[in-house]
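Structural overview
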Amino acid sequence: MGTLIIQAAALVATAISVFSLIIYLWLSVTVLLNGNRASRVTWVGGFGLLLAGLFFLCHGALVGTGIPEGPAPSDYWWRLAWVPAFCAPLLWAATGLYYAGLTGRWRRWRLPALQLAAGLGLIAVLLALRSWPYIEHYGDFVRLLDTSLRVHSSTPPPAAPALLLLGISFVLYVAACAALPWVALALMRRAPGESIPTVTEIESPRQLMWDATDAWGRARPALLAASV
């Protein structure tokens, strides 16, 4: 019964990875082909989506290989997955802060906020390098993590404290990157008299197809949902 549950979970995880890979590839190509390529945010957002797709490609490959003993071909995907895992959240934070529409004094805090998030990511990278002897091989890492999470383990592995610090720092880094657009939207203040038109206020059919101000305003709730 346990084997069937594990196999079912692996199939579900692989299906989610394939679906996410297709979605992120489609979104990245759409942004890079249709976006304003003279704007840096188009490239930042497009490459961020590509990196997210790379992460799910690596994840699907790792789930399909099982848990090997020692060095194995899956180690290539395991090491490659760390690149999007660290880079994609920061690119998402940069894109989200741009589209949050910070104005006035809040705009000056955009770069320091990104630098703070990047600092958290750098701490996670340094902890990962320090823990590299324990996490270099994918199979060894999974077994080490399994032993570390056992509640009744009488002899915790020597790498348990390092893994705990790495896990906490990485979660804080990803959470900070995801929360930055939320914080920016909470702090944003519109100029007096500025309002975002609704669809019912738009009369021209051409304007109905594309109105930058209206699209910007309606994208903000979607930005909050995507951050979750």
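Preceding this section is the structure that the text describes.
All of the points below concern the structure found in this document.

Calculation criteria
- Residues numbered from 1 in each chain as written.
- Predicted model: local features only at pLDDT ≥ 70, side-chain atom pairs only at ≥ 80, totals over all residues.
- Heavy atoms only, no water.
- Helix = DSSP H or I, 4+ residues; strand = E, 2+ residues; numbered from the N terminus.
- Buried < 20%, exposed > 50% of the residue type's maximum accessible area, 1.4 Å probe, protein only.
- Contact = heavy atoms within 4.5 Å.
- Core = buried A, V, L, I, M, F, W, Y, C linked by side-chain atoms within 4.5 Å.
- Axes fitted to C-alpha atoms, helices over the stretch in contact; angles between N-to-C directions.
- Parallel < 35°, antiparallel > 145°, perpendicular 65-115°, else oblique.
- Left-handed = near helix turned anticlockwise from the far one by under 90°.
- Nonpolar A, V, L, I, M, F, W, Y, C, P; charged D, E, K, R; others polar.
- Patch = residues over 30% accessible without salt bridge, like charges linked within 9 Å, V, L, I, M, F, W, Y side chains within 5 Å.
- Areas by Shrake-Rupley, 256 points an atom, 1.4 Å probe, with all protein chains shown as cover.
- Salt bridge = Lys/Arg side-chain N within 4 Å of Asp/Glu carboxyl O.
- Expected span 1.5 Å × (residues − 1).
- Bend = angle between axes of the 7 residues up to and from the residue.
- 1 Å grid on protein atoms, 1.4 Å probe; cavity = no way out; pocket = protein on both sides within 12 Å on 5 of 7 lines; lining within 4 Å.
- Points joined across faces, edges and corners; volume = space filled by probe spheres on them.

Once that is clear, we can look at the overall build of the chain. In terms of regular secondary structure, the chain is built from 9 helices and 0 strands. The order of α-helices and β-strands along the chain, N terminus first, is α-α-α-α-α-α-α-α-α. Evaluated residue by residue, the chain yields a buried proportion of 32% over its 228 residues. By sequence separation, contacts in the chain at least 24 residues apart represent 71% of the contacts at least 6 residues apart.

With that out of the way, let us pick up the environment of valine 183. Within the secondary structure layout, valine 183 lies in helix H7 (residues 160–187). By relative accessible area, which is 43% here, valine 183 ends up partly exposed. Spatially, the C-alpha atoms of valine 183 and leucine 97 are 9.1 Å apart, while their sequence positions differ by 86 residues.

Moving on to the nonpolar core. In this structure, Trp78, Trp82, Phe86, Ile135, Leu166 and Leu180 are the most contacted members of the largest nonpolar core, which totals 21 residues. When residues of this core are traced back to their parent elements, those giving at least two are helix H3 (74–99), helix H4 (110–130), helix H6 (138–149) and H7. A total of 6 residues in this core trace back to one element, the largest contributor, which is H7.

A word on the packing of helix H2 (residues 40–65) against H3. Between H2 and H3, the least distance of the axes is 7 Å, while the angle of their chain directions is 150°. The angle between H2 and H3 places the two elements in the roughly antiparallel class. The handedness of the crossing between H2 and H3 is left-handed. Taken together, the residues of the contact of H2 with H3 break down into 23 nonpolar, 5 polar and no charged.

Let us now look at a nonpolar patch on the surface. A surface patch of nonpolar side chains, amounting to about 410 Å² of accessible area, comprises Phe19, Ile23, Trp26 and Leu27. Following the sequence through the fold, phenylalanine 19 ends up in helix H1 (residues 2–34). A relative accessible area of 56% means that phenylalanine 19 is categorised as exposed.

A separate point is H3. The α-helix advances 3.6 residues per turn, and as a result positions three or four apart in sequence lie on the same side. An ideal rise of 1.5 Å per residue puts 38 Å on 26 residues; H3 measures up with 38 Å between its terminal C-alpha atoms. Most pronounced at cysteine 87, the bend in H3 amounts to some 25°, and the proline proline 89 follows within four residues.

Moving on: the layout of surface pockets. Leftover empty space is mapped by rolling, across the atoms, a probe with the size of a water molecule. Of the voids in this model, the second largest pocket is the one considered here, and its volume is about 220 Å³. Along its surface, the second largest pocket is lined by Arg40, Val41, Val44, Ala94, Thr95, Tyr98, Arg110 and Leu114. Looking at the lining of the second largest pocket, the elements with two or more residues in it are H2, H3 and H4. Its residues placed into classes, the lining of the second largest pocket shows 5 nonpolar, 1 polar and 2 charged.

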